[in-house]
Amino acid sequence: MSAMDSPTGQQTKQQPRTYDSAFLKACRREPVPHTPVWFMRQAGRSLPEYLKVREGIPMLESCMRPELVKEITLQPVRRHGVDAAIYFSDIVVPLKAIGLDLDIKPGVGPVVADPIRTRADLDRLRDLTPDDVHYVTEAIGMLTEELGDTPLIGFAGAPFTLASYLVEGGPSRNHEHTKALMYGDPQLWADLLDRLAGITSAFLKVQIEAGASAVQLFDSWVGALAPADYRRSILPASAKVFDAVAGYGVPRIHFGVGTGELLGLMGEAGADVVGVDWRVPLDEAARRVGPGKALQGNLDPAVLFASTEVVEAKADEVLAAAKGLEGHVFNLGHGVMPSMDPDALTRLVAHVHERTAV
Ligand SMILES: Cc1c2[nH]c(c1CCC(=O)O)Cc1[nH]c(c(CCC(=O)O)c1C)Cc1[nH]c(c(CCC(=O)O)c1C)Cc1[nH]c(c(C)c1CCC(=O)O)C2
């Protein structure tokens, strides 16, 4: 097989269609025709058309049906006119794909039957091969065709956030078992994160080679850690993931919640774009991250429950704080909530486009 027949060859051929999009330009810190907008969790339960196509199909099963994944990924692009699509999946999909016994419980989140806490448990975390997630390659192939010049963002969970679900056995407020392992057995912890970094890298590579134009690494719960612990116990594994996909030249976005004290380190791990939650204004976030990186964020999602005037005024505050940035991708400070009014999101996209049009 020659290089041009390989999935990588296809990627090279597809890249130009999305290359000049506002989203990718902002990620590369180039001038943009308008500030690009997308929303974390834009595909999902805030949309009636999502609920309709998902009816009776469990979450993880829906992630393995390419036609359905394509439809759900496209829904927010059609409805809101966002500048990028995010691949419909979940951070636990690659873990399910290597055979772990886990499920996503509605209203709860990922639940793992047998938590991973000992060295012997590590054997259950085998490497991920493209074959394990053939449905991802298939779905992305169909998606990039339909999306045309709208970029598709691939994503994965970062090693810490995945470890938290695996070690706790489910969602956790305090991450107590996870931290006990991290502090109590640093070598086992490092080996666990290294393994997860390998799985995550392989999963992101599959998405990029199938045609994703950017990737986001979600470390949603890493804000639970102090900077010194992040640097020692997390950064090496996240850096391994970013290094593994550096050669593709697609922008790498890194996001977590409550990460005000970690923004600089998350950039250092190798992100091109650092996602910021609503707690730190973007001008201050830029000081913490330093030069050479774009920022993504950061309207408080709860603002969307206020009146249109309030939403627009708060969005303008975000845009004002972003004024001097090298590159800005507008987003919420965390995901869309299921009870949000989809029309408020559509109006917000139009408002940001209008306000920033050059
Ligand atoms: C921590 C995390 C998870 N999953 C994800 C993260 C990181 C992002 C974040 O910080 O919010 C990532 C994720 N999960 C999902 C997406 C789809 C793409 C998109 O952003 O639109 C993405 C990017 C679909 C989903 N993932 C999930 C749903 C809801 C399941 C359903 O529709 O029945 C969707 C659409 C389930 C899920 N999966 C997870 C949680 C916490 C939940 C919610 C549990 C609940 O309240 O029901 C784990």
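Residues numbered from 1 in each chain as written. Predicted model: local features only at pLDDT ≥ 70, side-chain atom pairs only at ≥ 80, totals over all residues. Heavy atoms only, no water.

Secondary structure summary: the chain contains 16 helices and nine strands in total. For 358 residues, the compact-globule estimate of 2.2 N^0.38 gives 21 Å, and the C-alpha radius of gyration of the chain, at 19 Å, lies within 12% of that figure. The burial tally for the chain puts 57% of its 358 residues in the buried class. Sequence-distant contacts in the chain: of pairs separated by 6 or more residues, those separated by 24 or more amount to 73%. Carbon and sulfur atoms make up 52% of the accessible area of the chain, which amounts to about 14400 Å² in all. The positive charge centre, built from 35 side chains, and the negative charge centre, built from 46, are 1 Å apart in the chain. (Helix = DSSP H or I, 4+ residues; strand = E, 2+ residues; numbered from the N terminus. Rg over C-alpha atoms; globule rule 2.2 N^0.38 Å. Buried < 20%, exposed > 50% of the residue type's maximum accessible area, 1.4 Å probe, protein only. Contact = heavy atoms within 4.5 Å. Areas by Shrake-Rupley, 256 points an atom, 1.4 Å probe, with all protein chains shown as cover. Lys, Arg positive; Asp, Glu negative; His and termini not counted. Charge placed at Lys NZ, Arg CZ, Asp CG, Glu CD.)

What follows deals with the sheet that holds strand S4 (residues 152-157). As summarised here, the arrangement of the seven strands in space is S1-S4-S5-S6-S7-S8-S9, forming an open sheet in which the pairing is parallel. The open sheet terminates on both sides in strands that have one partner only, identified here as strand S1 (85-86) and strand S9 (328-332). Note: strand S6 (residues 252-255) against strand S7 (residues 273-275), two bridges, orientation parallel. Note that in S7 the partner of His 254 across the bridge is Val 274. (Pairing = 2+ DSSP bridges.)

What follows concerns the nonpolar core. In terms of nonpolar packing, the biggest core is built from 126 residues, with Phe 23, Leu 125, Leu 192 and Leu 348 touching the most fellow members. The element best represented in this core is helix H10 (residues 186-210), accounting for 13 residues. Each residue touching Leu 192, except ones within four places of it in the same chain, is listed here: Ile 116, Leu 122, Leu 125, Ala 163, Val 167 and Leu 181. (Core = buried A, V, L, I, M, F, W, Y, C linked by side-chain atoms within 4.5 Å.)

Under the UniProt annotation, "domain: Uroporphyrinogen decarboxylase (URO-D)" (unreviewed entry) lies at residues 36-45 and 153-169. Annotated as residues 153-169, this span is 59% helix and 29% strand, and its ends, taken at the C-alpha atoms, are 28 Å apart. (UniProt positions renumbered as here; feature names shortened; annotations may be inferred.)

A separate point is the site of the ligand. As a structural note, the neighbourhood of the ligand is formed by 26 residues, with Arg 41, Tyr 50, Asp 90, Ser 220 and His 334 the closest of them. Here Asp 90 contributes a side-chain N or O atom positioned 2.7 Å from a nitrogen atom of the ligand. Contributing elements (two or more residues each) for the shell around the ligand: helix H3 (48-54) and strand S3 (109-112). A per-class count over the shell around the ligand returns 16 nonpolar, six polar and four charged. (Near = heavy atom within 4 Å. Polar contact = N/O pair within 3.5 Å; in protein donor to acceptor, adjacent residues only side chain to side chain. Nonpolar A, V, L, I, M, F, W, Y, C, P; charged D, E, K, R; others polar.)

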